[in-house]
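The residues making up each chain are set out below.
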Amino acid sequence: MGSPRDSVPEPTTPQGREALAALLADPAHAVVALDFDGTLAPIVDDPERARAHAGALPALGALAPRLRGVAVVTGRPAAVAVRAGGFDGAPGLDRLTVLGHYGAERWDAATGTLTAPPPHPGVAAVRAELPGVLAAAGDHPGTWTEDKGHAVAVHTRRATDPQGAFQALRAPLADLADRHGLVVEPGRMVLELRPPGVDKGVALTAYVRESGARAVLYAGDDLGDLPAFAAVAALRTEGVPGLLVCSGSGEVTELADRADLVVDGPAGVVALLAALAAAVDGRD
């Protein structure tokens, strides 16, 4: 009969295997950080209807108490991610931190406190000009805009030609963002115009250093997770083992090419979290 450790998928790289071993050997000094959409929650046509995978809260609730901390690092507003994830008051998640808007916002489960900066003035200007820019870029039926407060996102997933609309809008939206001091963050059939200076890599690095973690696991699925992958690679050079996990999909391959471990979407991420929880418990 196999041990709980045997149920944990084996990373394909030496760095990944080193990080997994470090996490399992000393979970009290390890952190697990995860993207939300596409990683903890399946991608859906309407982001307002996104919810965490049914197994996410039980798996996180079993694993989190044994770790230094758990963070959800997302482009969503922190309060929206908390609601969509069902995190507030969830058993075992007292050590959860949600870093929203790529780390510009923060919600801590232990206190229920949400901190956020004032909106960047460029967001309001972009919000006002965006309808005209979209009209000038051509008719792309099904394209729609999501106002995130601190950012504005243009979704093409429901367009007649999602990829064609995505490509056609990249340049005009980049020009619009640049005129108002913003940047464009491309994702899975979405282009988000947001303030510069924050990304998932900056947020993850600050969180790891603040926590004093000696090992880190980061799981993501999208182009916006590449800075977090780069941050883990940089932390490795500082002696902090890091495990890079890709929540695999057919839409984005860049993360899979850089990952130590590829799992099958949010269901695979949840299975990994549950296996880690069982393996950590099996040490006792």
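In this convention, every chain numbers its residues from 1, walking through the sequence in written order. This being a predicted model, a pLDDT of at least 70 is required before a residue's local features are given, and a value of 80 or more before pairs of side-chain atoms are given or counted; all residues contribute to the totals for chains, interfaces and linings. Computation of side-chain values covers all heavy atoms of the structure but excludes hydrogens and water.

This brings us to the pairing of strand β9 (residues 190–194). Accessible area is worked out with a 1.4 Å probe on protein chains only. A residue is then buried under 20% of its type maximum, exposed over 50%, and partly exposed in between. Comment: elements are numbered from the N terminus, with helices defined as DSSP H or I runs of at least four residues and strands as E runs of at least two. Of all 5 residues in β9, 5 are buried, a share of seventy percent or more. The side-chain alternation of β9 yields two buried faces, one formed by V190, E192 and R194 and the other by L191 and L193. Strand pairing is defined by DSSP finding a minimum of two bridges between the two strands. Of the strand pairs in this sheet, strand β7 (residues 152–155) and β9 are connected by 4 bridges, and their pairing is antiparallel. In the sheet register, V154 faces β9, and the bridge partner there is L191.

The next thing to look at is the packing of aromatic side chains. Between the rings of Phe, Tyr and Trp (Trp by its six-membered ring), a pair exists once the centres lie within 6.5 Å; its type follows the angle of the planes, with under 30 degrees stacked, over 60 edge-to-face, and the other angles tilted. Applying the stated rule across the entire model yields 2 aromatic pairs. Measuring from ring centre to ring centre gives 6.2 Å for F36 and F87, while their planes differ by 80°; the resulting arrangement is edge-to-face. Of the two residues, F36 sits in the loop between β1 (30–34) and α2 (56–63) while F87 sits in the loop between α3 (78–85) and β3 (96–100), which places them 51 residues apart along the sequence. With respect to class, F36 is no different from F87; both count as buried. Ring centres of Y218 and F229 lie 6.2 Å apart, and the angle between their planes is 90°; on these two criteria the pair is classed as edge-to-face. With Y218 in strand β10 (residues 215–220) and F229 in helix α7 (residues 226–237), the pair connects residues that are 11 residues apart, well separated along the chain. F229 shares its class with Y218; the two are buried.

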